[in-house]
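Geometric and topological summary
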Amino acid sequence: MQKQSVWVIWIGAVLAMLLATGLLATIGLWTFWLLVIAHFAEFVVKRDVFARAGGSMGHHFVQTMIYGLFHWRPIEEQLKDASGD
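Reading guide: rules and limits
Residues numbered from 1 in each chain as written. Predicted model: local features only at pLDDT ≥ 70, side-chain atom pairs only at ≥ 80, totals over all residues. Heavy atoms only, no water. Salt bridge = Lys/Arg side-chain N within 4 Å of Asp/Glu carboxyl O. Helix = DSSP H or I, 4+ residues; strand = E, 2+ residues; numbered from the N terminus. Buried < 20%, exposed > 50% of the residue type's maximum accessible area, 1.4 Å probe, protein only. Patch = residues over 30% accessible without salt bridge, like charges linked within 9 Å, V, L, I, M, F, W, Y side chains within 5 Å. Areas by Shrake-Rupley, 256 points an atom, 1.4 Å probe, with all protein chains shown as cover. Core = buried A, V, L, I, M, F, W, Y, C linked by side-chain atoms within 4.5 Å. Contact = heavy atoms within 4.5 Å. Expected span 1.5 Å × (residues − 1). Arc of directions from axis to C-beta.

**Some words on the pattern of salt bridges**
Going through the model one piece at a time under the given rule, you end up with one salt bridge. For Glu 76, the salt bridge identified is with Lys 46, shortest N-O distance 2.7 Å. In this pair, Glu 76 sits in helix 5 (residues 69-83) while Lys 46 sits in the loop between helix 2 (22-45) and helix 3 (47-53), placing the two residues 30 residues apart along the sequence. Just as Glu 76 is buried, Lys 46 falls in that class too.

Dropping the structure here:
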């Protein structure tokens, strides 16, 4: 359910930019770009987690850009559990 909530924010931001005017359109624009910047920063910071987890970095990038911490946090927890920390 948490991942779906991120889609609501992304879609809401895009719809506000495309369909609204004035303040609501501005809020949508700011929300969209803040999500892009925040999720890109998360990917950069958590690259080592993705490298340890294996798999495609492209996949991790796309998933992080969409879902943010809801993608990398479960991976990080699995790696901690596996290492016994």
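The structure having been displayed, the exposition proceeds.
**What to know about a nonpolar patch on the surface**
A contiguous nonpolar patch, built from Trp 7, Ile 11, Leu 15, Leu 18 and Leu 19 and spanning about 540 Å² of accessible area, is present on the exposed surface. For Trp 7, the location among the structural elements is in helix 1 (residues 2-19).

**Remarks on the nonpolar core**
Residues Val 6, Trp 10, Ala 13, Phe 32, Leu 35, Val 36, Met 65, Ile 66 and Tyr 67 constitute the largest nonpolar core, which totals nine residues. Elements supplying a minimum of two residues to this core: helix 1, helix 2 and helix 4 (57-67). Apart from residues no more than four positions distant in its own chain, Trp 10 is found in contact with Phe 32, Leu 35, Val 36, His 39, Met 65 and Ile 66.

**A closer look at the side chain of Lys 46**
On the basis of relative accessibility, which here comes to 16%, the residue Lys 46 falls in the buried class. If we skip the residues at most four places from it in the chain, Lys 46 touches Trp 72 and Glu 76.

**Describing helix 1**
Its 18 residues place the ends of helix 1 26 Å apart at the C-alpha level, agreeing with the 26 Å of an ideal helix rising 1.5 Å per residue. Within helix 1, the full set of buried residues consists of Val 6, Trp 10, Ala 13 and Ala 16. Looking down the long axis of helix 1, one finds its buried residues gathered within 130° of arc, a one-sided arrangement. In helix 1, the exposed residues that point more than 90 degrees away from the buried face are Val 8, Leu 18 and Leu 19. Buried residues along helix 1 sit in contact with helix 2, helix 4 and helix 5.

Note that all results are geometric; they support no functional claim without further evidence.
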